[in-house]
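Overview (structure and organization)
Here is what each chain is made of, one letter per residue.
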Amino acid sequence: MPHISALHQETELLISVSQGDERAFTALYNHYHKRLGTHIYRITKSTELAEEVVHDVFLKIWLNRETLVNVENFSVYLYVISKNAALNCLKRTIRERALTTELDTDSEQASLPDTPEDDYRYILIDEAIDRLPPQQRQAYLLARHERLSYAEVGLRMNLSKETVKKYLQIATEFISAYIGKRLMVSIWLTIQNFL
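Residues numbered from 1 in each chain as written. Predicted model: local features only at pLDDT ≥ 70, side-chain atom pairs only at ≥ 80, totals over all residues. Heavy atoms only, no water.

It is worth spelling out the pattern of salt bridges at this point. Taken as a whole and assessed by the stated rule, the structure comprises 2 salt bridges. Glu-51 is the salt-bridge partner of Lys-161, the closest N and O atoms lying 3.2 Å from each other. Here Lys-161 is found in helix H8 (residues 161–194), whereas its partner Glu-51 is found in helix H3 (residues 47–63), with 110 residues between them in sequence. By relative accessible area, Lys-161 is classed as partly exposed at 23%. (Salt bridge = Lys/Arg side-chain N within 4 Å of Asp/Glu carboxyl O. Helix = DSSP H or I, 4+ residues; strand = E, 2+ residues; numbered from the N terminus. Buried < 20%, exposed > 50% of the residue type's maximum accessible area, 1.4 Å probe, protein only.)

In C-alpha cells form, the structure reads like this:
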C-alpha cells in the first residue's frame, strides 16, 4: 500500500506543477535531480554535461508543465527525455569539438600558410571573429584561444556557465557560416573568371 500512496502523491504533485505551482516543481526537482544526474553522468561521462542536461530537462519540464497531467509514470518519462537530451547534448558537443578542432588547426597553421587559399581562410576566420558581438567575441577568444572552461569564462566575464555555452555555440555557428558563405562567393567568382 505505501507504493500506491507514493504514486498518488506523485500524481497530485504533477497536477500541481502542471498548474504552475513553483513549490511543487521545487519538490519534484529535489526528489529527482540527484538520481537523474547520476543517470545522465553514466551516458555523458562528464559532470559538467550531466549538470547541464539536468538543468535543461527540468527547464523543459517546467516550460511544458501543462502536459504533465497526461504522464502516467513520471520516472519513466523523466529518464526517457533525459536520455534523449543527454544524447543530443553529446552530439552537439562532438560537432562543436570537431568545428573547434578544425578552426584551431587552421589557427595553429596560420603562422605557416602553405598557399594563398590558406591565407584567405585565416583572414576569413579573423574577419568572422571580428564581426561577433563584443560579449560573444570575448567569450569565444577566452574559451578557444586561452583554453578556459565555460565556468572560468563565466567567472571572468561575470556570466553564467549556460550563457557562456550559448555564446560559444552561437559564435561557432556564425564563424562556420561566415566562412562557408565567403568561400562559396570566392569559388563562384573564380568560376566566373574562367567563363
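To continue, consider the confidence of the model for the protein chain. Per-residue confidence for the protein chain gives a mean pLDDT of 77; residues scoring 70 or more make up 75%. In this model, residues 109–115 is a region of pLDDT below 50 whose contacts with residues beyond four sequence positions or in other chains number 5 contacts. (pLDDT = per-residue confidence, 0-100. Contact = heavy atoms within 4.5 Å.)

Take the environment of Tyr-140 next. Position of Tyr-140 relative to the elements: it lies in helix H6 (residues 134–144). Here Tyr-140 falls in the buried class, since its relative accessible area comes to 4%. Sequence separation of Tyr-140 and Val-164 is 24 residues, and the distance between their C-alpha atoms is 8.7 Å.

Attention now moves to helix H7 (residues 150–157). Inspection of H7 places Tyr-150, Val-153, Gly-154 and Met-157 among the buried residues, and these make up the whole buried set. The arc that holds every buried residue of H7, seen down its axis, measures 100°, which confines them to one face. Summarising the geometry of H7, the exposed residues directed more than 90 degrees from the buried face are Leu-155 and Arg-156. At the C-terminal side of H7, Asn-158 shows a positive phi close to 60°. (Arc of directions from axis to C-beta.)

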